Amino acid sequence: MATNLRKFQYTGAANTRPNTAGSHTATNAAARASPPQLQSANAKPEMDAKSLKSEILLSLKIEILAVIKSEMKNALADDFDFLKNELQALKAEVKNNTAAIHSEIDQVKTTVRDMETGLSAWSDEVVTLRNTVNSLKTEVAELRDKCEDMEGRARRCNIRILGVPETPGSNSMTLVSKLLREALQLDKDVLIDRSHRSLAPRKPGGKPRAIVAKLHCYQDCFEVLNRARTRAPLRYDGESIAIFPDYTTRVAKARAAFTEVRKLLHNRQNVRFGILFPARLRVTHNGEEKEFTDAEKAMTYVRNHIIPAEERE
């Protein structure tokens, strides 16, 4: 800056410098000069001063800007280097992480391919097992039906006697034969192969357990059940008894599902009903015959077509 200021140093000759110790003669001579020449001489130094001032300010402005720029550059150089190092470190870290992610993705792809292969094999196995299970279900259903049929045929000569008090010897074959002859007014004694109480546990103070008796001849069993239906209600030694076929558990539950429907149909005019083996409810109303294996459908039919509207409410 000092160098730039030297060019503005005053270098005028001695004869051109203003003389501060001049005589009044020179002053008076100058005063006598013409007015235009005096104004021109005074205006020139003023213009030189303004120009000098302008150039000085411009030079100072340039120098100041250069200094500020240099200081700012020096001040920001360290921060710029720090940011540059941080960005390079971040770039290296991202590169490493990207490589690790690509490696994991490749492992995942390999795992997925292995799983797809395994799932394809297991899918085939599942299809095979499903077909096997369906076949086994069909076979089990057939076997269950066959077992049910065989058990029902084994019980075809069995009867159940309800309401007989549990006293010693009350379920013996002799007393059961006597009970059937007297209660049903048979002409002969019924041959009994064996008889026993049902296997349910005895409840103190509860109802007596049923007597299960196996008759020797099916004709005798048929006649006993027929007379039990036609002569109901039955009594023996002052006790009310009932005689029913000895059905399997499955058949008994299926037949018991129609109990509420049978209660609604009891003593209805122009209505005949009965349960056919194994569990089919046959209803005849005004000459129209219907059979049901579903208790809910049977109840719906009875309520909509047989029960009067005033009783439905």
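All values derive from a computational prediction rather than experimental measurement. Numbers given for residues are sequential positions, taken from 1 along each chain in its written order. Confidence filtering applies because this is a predicted model: local features only for residues at pLDDT of at least 70, side-chain atom pairs given and counted only at 80 or more, and all residues used for totals across whole chains, interfaces and linings. For side-chain calculations, the full set of non-hydrogen atoms in the structure is used, while hydrogens and water are omitted.

Observations regarding the overall build of the chain
Applicable threshold: Here a helix means four or more residues in a row that DSSP labels H or I, a strand means two or more in a row labelled E, and each is numbered from the N terminus. Only protein chains enter the accessibility calculation, which uses a 1.4 Å probe; a residue is then buried when its area is under 20% of its type maximum, exposed when over 50%, and partly exposed in between. The contact definition used throughout considers only heavy atoms, calling two residues in contact when any of these lie within 4.5 Å. Using the Shrake-Rupley algorithm and a 1.4 Å probe, accessible areas are obtained, with residue cover drawn only from the displayed protein chains.
Within the chain, the regular secondary structure consists of nine helices and eight strands. Counting every position in the chain, which comprises 313 residues, the buried fraction comes to 19%. When contacts within the chain are restricted to residue pairs at least 6 apart in sequence, long-range pairs at least 24 apart make up 54% of them. For the chain, the accessible surface area stands at approximately 24200 Å², while carbon and sulfur atoms represent 56% of it.

Overview of the UniProt feature "coiled-coil region" (unreviewed entry) in the chain
We apply this condition: UniProt positions are given in the numbering used here, feature names are shortened, and annotations may be inferred rather than shown by experiment.
Summarizing the sequence annotation, UniProt attributes the feature "coiled-coil region" (unreviewed entry) to residues 73-100 and 126-160 in the numbering used throughout. In residues 126-160, helix accounts for 83% and strand for 9%; the two terminal C-alpha atoms are 49 Å from one another.

Let's talk about the confidence of the model for the chain
To keep things clear, this is the line we draw: One number per residue, pLDDT, summarises how confident the predictor is, and it ranges from 0 to 100.
Put simply, the chain has an average pLDDT of 82, and 84% of its residues get 70 or more. Here helix α2 (residues 24-31) stands out as the least confident element of the chain, with mean pLDDT 42; strand β3 (residues 211-215) is the most confident, with 95.

Focus on the pattern of salt bridges
Formally: Any Lys or Arg side-chain nitrogen located within 4 Å of an Asp or Glu carboxyl oxygen qualifies as a salt bridge.
For the structure on display, the rule yields 13 salt bridges. Between Arg-181 and Asp-189 there is a salt bridge; the shortest N-O distance is 3.0 Å. Judged by its relative accessible area of 47%, Asp-189 falls in the partly exposed class. When the shortest N-O distance is used, the salt bridge between Glu-289 and Arg-282 registers 3.8 Å. For Arg-282, a relative accessible area of 30% gives the class partly exposed. Each of Glu-151, Arg-155, Arg-160 and Asp-246 takes part in one network of salt bridges that share partners.

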